[in-house]
There are 6 protein chains.
Amino acid sequence: MSHARDSWDLARVVAGLSAERAQQDVRLSPRCCDLPSREAMAQFVDGLRAALFPDHFGPRGLAPQGVDPFVGYTLDAALRTLHLQVLRELSLTGECDENPRADAIVASFADDLPAIRRGLESDVHAAYRGDPAATSLHEIVFCYPGVTAMTHHRVAHALHVRGLPLVARVIAERAHAITGVDIHPGATIGGSFFIDHGTGVVIGETAVIGDRVRLYQGVTLGAKSFPTDATGALIKGRPRHPIVEDDVVIYAGATILGRVTIGRGSSIGGNVWLTQSVPAHSRITQVQARSEVFDGGGGI
Amino acid sequence: MSHARDSWDLARVVAGLSAERAQQDVRLSPRCCDLPSREAMAQFVDGLRAALFPDHFGPRGLAPQGVDPFVGYTLDAALRTLHLQVLRELSLTGECDENPRADAIVASFADDLPAIRRGLESDVHAAYRGDPAATSLHEIVFCYPGVTAMTHHRVAHALHVRGLPLVARVIAERAHAITGVDIHPGATIGGSFFIDHGTGVVIGETAVIGDRVRLYQGVTLGAKSFPTDATGALIKGRPRHPIVEDDVVIYAGATILGRVTIGRGSSIGGNVWLTQSVPAHSRITQVQARSEVFDGGGGI
Amino acid sequence: MSHARDSWDLARVVAGLSAERAQQDVRLSPRCCDLPSREAMAQFVDGLRAALFPDHFGPRGLAPQGVDPFVGYTLDAALRTLHLQVLRELSLTGECDENPRADAIVASFADDLPAIRRGLESDVHAAYRGDPAATSLHEIVFCYPGVTAMTHHRVAHALHVRGLPLVARVIAERAHAITGVDIHPGATIGGSFFIDHGTGVVIGETAVIGDRVRLYQGVTLGAKSFPTDATGALIKGRPRHPIVEDDVVIYAGATILGRVTIGRGSSIGGNVWLTQSVPAHSRITQVQARSEVFDGGGGI
Amino acid sequence: MSHARDSWDLARVVAGLSAERAQQDVRLSPRCCDLPSREAMAQFVDGLRAALFPDHFGPRGLAPQGVDPFVGYTLDAALRTLHLQVLRELSLTGECDENPRADAIVASFADDLPAIRRGLESDVHAAYRGDPAATSLHEIVFCYPGVTAMTHHRVAHALHVRGLPLVARVIAERAHAITGVDIHPGATIGGSFFIDHGTGVVIGETAVIGDRVRLYQGVTLGAKSFPTDATGALIKGRPRHPIVEDDVVIYAGATILGRVTIGRGSSIGGNVWLTQSVPAHSRITQVQARSEVFDGGGGI
Amino acid sequence: MSHARDSWDLARVVAGLSAERAQQDVRLSPRCCDLPSREAMAQFVDGLRAALFPDHFGPRGLAPQGVDPFVGYTLDAALRTLHLQVLRELSLTGECDENPRADAIVASFADDLPAIRRGLESDVHAAYRGDPAATSLHEIVFCYPGVTAMTHHRVAHALHVRGLPLVARVIAERAHAITGVDIHPGATIGGSFFIDHGTGVVIGETAVIGDRVRLYQGVTLGAKSFPTDATGALIKGRPRHPIVEDDVVIYAGATILGRVTIGRGSSIGGNVWLTQSVPAHSRITQVQARSEVFDGGGGI
Amino acid sequence: MSHARDSWDLARVVAGLSAERAQQDVRLSPRCCDLPSREAMAQFVDGLRAALFPDHFGPRGLAPQGVDPFVGYTLDAALRTLHLQVLRELSLTGECDENPRADAIVASFADDLPAIRRGLESDVHAAYRGDPAATSLHEIVFCYPGVTAMTHHRVAHALHVRGLPLVARVIAERAHAITGVDIHPGATIGGSFFIDHGTGVVIGETAVIGDRVRLYQGVTLGAKSFPTDATGALIKGRPRHPIVEDDVVIYAGATILGRVTIGRGSSIGGNVWLTQSVPAHSRITQVQARSEVFDGGGGI
């Protein structure tokens, strides 16, 4: 039985935390509204995914005549959810009652959905063409973490470019948590993009990726150096991540840093560390490992 | 308040998505049944895990006399869940009412469960022997992501070899999402297998792993090249991933590609990139890094 | 319809599993109590996080006068949850009714919470200073996986040092599953710590990290060799992971193994493999990759 | 702590219950399918109610353009749920795979929904005209238990007359549990029907009620005697409940039994006990109570 | 398997329902906000009840120091929930953005809570004094439906008198559904009120009940006649229900109708039908039943 | 948006409630344990019901071999839940750590379950014999509120006689809320008992009911007077409710009060008010109502 004793000093801890909050500045004060809700954003993305691929993520037993009503209602509910979160994000920067702007953002985003679906469809086909283990398009839509990551990214990017960095980031970090793929919502990615396995992939905010690019797990498209201003603070927003042109393949664990360009049709080998541009059709590989007969010693 | 205005053009977006679906071919049409349910497969695996390790994942306060009824009921419920999902997968390839085959698959799978448990028990002991940080067998069963990954894999593999690639893949991707360990259900793995930390491990479809093998985070056992047929399409199903013999250790971040053989007792160092077979008792290490005194410059 | 036939041999499988359990030793028998609950520990951490950062994780619409009652109640509920789990863990080692010790542990842990919050606040500021993509402190608190990982770690570590390795490990593995960052609860980490992206980071049990250290994805601070005793069993608990001094930066994919010291102000390059100590202000980089023009052959 | 002891004799109780089941005949054996699900029927009714009155039971913030998609999807989902339960009920009487009949039943039921809505609308107006406490039509739709009861009844009756007594009864008993109004699904009820307060109202299987009838709490329209056949078993299905013609009012607690007719425009007083027909425009009241000055004795 | 055929004509039914909605007037159009949420009101009442009686409805294991934080947070959350619903109700009558009025209503209601608790405490004691079956005050607080009904009523009445008839009615009908006791939120009820058993009790909108009154199941305090205006519409709001003075007992099934006064200290017998005032200390009983020896005939 | 202002005076209300609690005596202080949980007791009853009638309340698709494991596990879980609640109730009267007594109570209760099932089976058959509207035994088990009420009562009574009045009362009030049938757990009821419709039935603590008794809605078996002791407090526990012998039928709305005996085979008419014993085979009916032609006046 859990006995009802005063086993800890609750009042002292509450006071201590209150004092900490008062001294520190990671606060929302005064604020007009609440932060966007991560649960709501998750419902939004899941609803959207079901509306985009009703055969795969819609309800059991959906018949043809039920598809459009399902899509219509699910989409409408998802957009209403988004609308409320957009209002919250806008309120954080002082535009608390700016309903018209929220309406316009959501409406414009909604109009992008057919194109977003087209992009995802191209990603699915790219996976089928690029993975010998893929047995069907259904398996890819339904199971592949790369498709999950891109579903989140294509949506998050469409919100990021409409001035909603926080809402977009919440979506991106959800994909990161589920798939291990960390794509900043600001990254620009072309069609027919395929990330295989995906865990550990990092794609930075200002990266630009062309069409038909393929990445494997552990690939980083990162920044090399972080220029600071006169006060020593980081300068934010500058282009600092790679440009990857069409038809490039980057193998597992490769790290490419800085505003370099990987020329079209290039192949970057696994575990490569690269901080320079390479011309089109380059083939970059790592120096080979040393091999020797094991001497039976105590581990490596 | 969320005002009830028509802020976006719902009908236009629904029509746009409908047009996209009509043009594209990632569809299930006509289909006999629904796709397997990811939620149901998750319940199946969790139920099975509780039936395999009732002390660790069973209900609070279970007394000895309650164990077998708990195992019996939980197992039966899990197998009934599986049975329904098997029917769904079989229906995708035109065998919609083939109940007898589903019955036979589930019955055969059920008979494998004692052996699956034995395999997992050997994995737990391997972790205890291989990790100085492990304080008890309970901690390993209850907390180690490598055990979670192998619980999913040993189940998924048993379903994969029974002709259920989609159901198996759903299970594998669940493990991938939770643990960051991506093992294709087709991979063959011996006893006393230990993956430490695990994030970023990738083991391909045709990999074959012996007994008492130990892997660390970020290890890839992948394919090197993807042969295509005369039409340029990938040839699927060919052996293309490594064979790892008994008693091999592969350290963090090593990448081994192609149908190569890592001889028994070998040790592959961290971050190594390897595309050739190595004989038994090899010891492979990466070329060392360059070291220099830091000059205080602006980042790397 | 799922027909009610006896499609598998339930009794045989139950008996088989019972026989397996009887032969094996991964059991809790006899035990006084149940294992700690992972669901309860998750509620504990989420409650604690809301009590630490009520603006970001508290309820919608919380007004100033509601903050302290919210913090007080949420904290009290979280501590009561913890108390029950502590009793369970203590009971595993034979101290089943040792309520006073559980009370003391929880009370002492509670008194640490203001300091834990201060540490997390310093981590948030470190992220803002270290990431050009960060747009606000709110985004960091609310979205950054590195902050999620450190929230779990600072709590888990405080429990680990109070003699609760299992409860601490459950928390650590939850962070690992969500963020891909695997920090053993035993690791000692200073203030203003920033892990960017995070997936694949591994920090071992006896690692010691100073102030203002920054890590990127895929960094391993691991053990190099595992000494065994006369019976061949691993010697547990020995210092075997790196010491990282103040103001060190370690880039993506670097692997540092063994009880080495990375001197203050050093910079370790991406994908570096390092098993030796380096002096203060060192700058370590990987040997560069080979570059060549791609010949159009069939993959890498 | 709940200790894991064998505190009761589980095996003996299980065996005792098994023996009871074997001796008794309230069993479903052999059966083709499962019983309908009460949870599913509750979802069905709630979904239907939202589709019938989307302004009152639909989602928050529904805009005009969203109404038809909401109705379409919600209705479709409700009908699919019903379809599955219809298959289950049909299977209880040996028609396990008779899909076409289930399809026809659901399709025919669906076509009745506009008329069902019209009937409910008339009930709402009747309540507004009949209750001085009603402040708005919204209050009636949203709060009045009589409307809840009739929503269930009009749906249950439509299923009862289509040969689904069990599914209909499940719906009727749900209304009974929520409102205290017990209307057998077989009862025939006209338009503009108003039950005020409702608790304790009982309306039997073969009752026939005209238009514009008003009932108060505790009214029973029951059977008077139960004829038996030669074996002493009840004869089922005979008309045995009252006929209540148009424009009748029956006040609280009145009990009317047998196949009698209450003529149009009649008024039946509270607590009246009536087992005979009365002509049109009758006014029936109870004999008045005795009144006396209280003597201060010990209760009544 | 549920096959994906178009078994019913969804579009036709949707169109039919749309046509019905267009013809009828039970609509909310145009509306500014949504209707109050029944789920939210239920959470509000449950939260309030826990804040009023934390020992009985608070969390498990609450220690003394935790009580006030629990009450404070739970109350604050309940009041925030109420605030949102108040805004919705106010918006139905054209005061959509009238936040200040909602603030004032909720603040004033909050100030009434100590008095509401005092009233409930007096009800609990009245039950203990009035029911020989009551074994403890705890049993009454925790189990008695009369206390549940009065908890809802005292809250609903406090909202009704503040101009929120719909929100109040939602609360009252929740109590009705749970307890079978139907008290209109407008009814005025004194202290130490005890309803035993309760099912079927109806207390009308303008009833006025004194202190220390006791009612049993099935008692109606209703209206006798409903005056209409020149157009035949009911005149709403007139006093039309009984006045029950202090220390009256009304036994099971009694029906009292009209604006009559039951004098203080009176006792009204079971099943009595009363439409006239009675002086103080009256004792009213029903005419006795006829008794005869049963003749063995076929039912009653 | 809900703005974060301090709209009510939270601290004042919390202080007011605290002051109320301090002045009043409906408190649990000091207490050893928590009150039993109503949610837990609901789970207990539902689990028990499924274990008693697995065909009707067990899982979908249960095959013969799965029945005993299902019953065993479900029963064990229900008994463990009960065990915890028994500990809580015992702790309220100072027996906080009296585990052995709780064990004995639960074990003894468990041994009663086959007899409880037998009683319920007899009730189901009584309903089938007594209700012309009953179409099958399944309908009765699955839908009839009288069976729901008796399932709760037979369980609650078995706990009441084992010294658990509070736990028993929680169960009884759950049945009351669902069915409108209020049977005190102390009431003694024979086999083959049938309550039809049920709403408003009240059966008091010391009532004794024989075999094959049938009741209809609104029947009260209550107390007539409440003797007090020298201090004016009620004397608790005295026999004060009716004895109903075998084969009695009591029709809707009848009220029988006091320790009277209704002789075997008697029939009590609807709405009868009875406070005297009647001999065997009596037939009691109410005085008939007055009938007259309605004069068109304004209501009754």
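Look above for the structure.
Residues numbered from 1 in each chain as written. Chains lettered and ligands numbered in written order. Predicted model: local features only at pLDDT ≥ 70, side-chain atom pairs only at ≥ 80, totals over all residues. Heavy atoms only, no water.

Asks: Help me out: how do you make sense of the environment of D:Glu205 in this one?
Replies: Summarising the element assignment, D:Glu205 is placed in the loop between β4 (202-203) and β5 (208-209). A sequence separation of 53 residues divides D:Glu205 from D:Gly258, and the C-alpha atoms of the two residues are 12 Å apart. For D:Glu205, the residues in contact, after removing those within four places along its chain, are D:His184, D:Gly186, D:Ala187, D:Arg240, D:His241, F:Pro132 and F:Ala133. A polar contact is formed between the side chain of D:Glu205 and the side chain of D:Arg240, at a distance of 2.8 Å. (Helix = DSSP H or I, 4+ residues; strand = E, 2+ residues; numbered from the N terminus. Contact = heavy atoms within 4.5 Å. Polar contact = N/O pair within 3.5 Å; in protein donor to acceptor, adjacent residues only side chain to side chain.)

Asks: Would you mind showing me how to read the sheet that holds strand β4 (residues 202-203) of chain F here?
Replies: Strand pairing in a sheet takes place through backbone hydrogen bonds and is either antiparallel or parallel in direction. All names here are of chain F. Ordered in space as β1-β4-β7-β10-β13, the 5 strands form an open sheet in which the pairing is parallel. Of all strands in the sheet, those bounded by a partner on one side alone are β1 (182-183) and β13 (273-274). Two strands pair when backbone bridges link them, and β1 and β4 are joined in this way by 2 bridges, in the parallel orientation. Opposite Ile183, over in β4, you have Ile203 as the bridge partner. (Pairing = 2+ DSSP bridges.)

Asks: Would you mind going over the relation of the copies chain C and chain B with me for this structure?
Replies: Two copies of the chain are present, and they differ by a rotation about an axis and a shift along that axis. The transformation that overlays chain C on chain B combines an axial shift of 0.0 Å with a rotation of 120 degrees, and the residual RMSD is 0.0 Å. In short, the pair behaves as if placed about a three-fold rotation axis. Comparing interface residues between copies, only 16% of those in chain C also sit at the interface in chain B, which points to a heterologous contact through distinct surfaces. (Least-squares fit on C-alpha atoms with pLDDT ≥ 70 in both.)

Asks: What exactly am I supposed to notice about the packing of helix α6 (residues 113-130) of chain A against helix α1 (residues 10-23) of chain B here?
Replies: Two quantities define a packed helix pair, namely the angle between the helix axes and the distance between the axes. Contact geometry for α6(A) and α1(B): axes closest at 8 Å, N-to-C directions at 25 degrees. The pairing of α6(A) with α1(B) is recorded here as roughly parallel in orientation. In this structure, α6(A) crosses over α1(B), and the sense of that crossing is right-handed. Contact with α6(A), carried on its side by A:Leu113, A:Pro114, A:Arg117 and A:Arg118, involves B:Val13, B:Gly16, B:Leu17, B:Glu20 and B:Arg21 of α1(B) and no other residues of that element. (Axes fitted to C-alpha atoms, helices over the stretch in contact; angles between N-to-C directions. Parallel < 35°, antiparallel > 145°, perpendicular 65-115°, else oblique. Left-handed = near helix turned anticlockwise from the far one by under 90°.)

Asks: How do you make sense of unusual backbone geometry when you look at a structure like this?
Replies: Excluding glycine, residues mostly carry a negative phi; peptide bonds, for their part, are mostly trans. The backbone of A:His281 shows a phi angle near 65 degrees, a positive value even though the residue is not glycine. Mapping A:His281 onto the fold places it in the loop between β13 (273-274) and β14 (282-285). Its relative accessible area of 41% is what places A:His281 among the partly exposed residues. Backbone geometry at E:Arg212 places phi at a positive 55 degrees, although glycine is not the residue there. (Buried < 20%, exposed > 50% of the residue type's maximum accessible area, 1.4 Å probe, protein only.)

Asks: Can you help me understand the interface of chain E and chain A in this one?
Replies: A common way to report how large an interface is uses the accessible area buried once the components associate. Listed as interface residues are 15 residues of chain E and, on the opposing side, 15 residues of chain A. Carbon and sulfur atoms make up 50% of the surface buried where chain E meets chain A, a total of about 1000 Å² over both sides. One can count 0 salt bridges joining chain E with chain A. In this structure, the connection of chain E to chain A is made through 4 residue pairs in polar contact (both at pLDDT 80 or more). By residue number, the principal contributor to the side of chain E that touches chain A is helix α4 (residues 64-92) of chain E, which donates 4 residues. When grouped by side-chain class, the residues that make up the side of chain E that touches chain A number 7 nonpolar, 5 polar and 3 charged. (Buried area = accessible area lost by both parts, 1.4 Å probe. Salt bridge = Lys/Arg side-chain N within 4 Å of Asp/Glu carboxyl O. Nonpolar A, V, L, I, M, F, W, Y, C, P; charged D, E, K, R; others polar.)

Asks: Even after reading the chapter, I still don't get the pattern of salt bridges, so can you show me in this structure?
Replies: When their charged atoms lie close together, side chains carrying opposite charge are able to pair. Here the structure, examined in full by the defined rule, presents 89 salt bridges over all chains. Its salt-bridge partner being A:Arg154, residue A:Asp123 comes within 2.9 Å of it at the nearest N-O pair. A residue pair is termed long-range when its members are at least 10 positions apart, and A:Asp123 in helix α6 and A:Arg154 in helix α8 (residues 145-160) qualify at 31 residues. Taken as a pair, A:Asp123 and A:Arg154 share a single burial class, namely buried. A salt bridge links C:Arg117 to C:Glu121; the nearest nitrogen and oxygen atoms lie 2.5 Å apart. Residue C:Arg117 and its partner C:Glu121 are both found in helix α6 (residues 113-130); the two are separated by 4 residues, about one turn of the helix. Residue class for C:Arg117 comes out buried when judged on its relative accessible area of 1%.

Asks: Quick question: what am I supposed to make of the sheet that holds strand β5 (residues 208-209) of chain A here?
Replies: Residue and element names in this part refer to chain A. One open sheet accounts for 4 strands, arranged β2-β5-β8-β11; its pairing is parallel. Two strands bound the open sheet, and with one partner strand each, they are β2 (188-189) and β11 (261-262). Taken together, the 2 bridges between strand β8 (residues 243-244) and β11 define a ladder with parallel strand orientation. Looking across to β11, one finds that Val244 is bridged to Ile262.

Asks: Help me understand the interface of chain C and chain B, please; the structure alone is not making it clear to me.
Replies: Counting residues at the interface gives 64 residues for chain C and 76 residues for chain B. In total, about 6300 Å² of surface goes out of reach between chain C and chain B, with carbon and sulfur atoms giving 57% of it. Viewed at the interface, chain B and chain C are joined by 4 salt bridges. When the shortest N-O distance is used, the salt bridge between B:Asp68 and C:Arg21 registers 3.2 Å. At the junction of chain C with chain B, the criterion picks out 13 residue pairs in polar contact (both at pLDDT 80 or more).

Asks: Would you take a moment to explain the environment of F:Asp182 for this structure?
Replies: Examined against the element boundaries, F:Asp182 turns out to sit in strand β1. Residues F:Asp182 and F:Arg118 lie 64 residues apart in sequence; the distance between their C-alpha atoms is 22 Å. Residues in contact with F:Asp182, not counting those within four places in the same chain, are E:His197, F:Glu173, F:His176, F:Val201, F:Val202 and F:Ile203.

Asks: Would you take a moment to explain the relation of the copies chain E and chain A for this structure?
Replies: Note on the identical chains: chain E maps onto chain A by a rotation of 180 degrees and an axial translation of 0.0 Å, with an RMSD of 0.0 Å. Look at the turn and shift together and you get a two-fold axis relating the two. Of all interface residues in chain E, 100% are interface residues in chain A too; the two copies therefore contact each other through one and the same surface.

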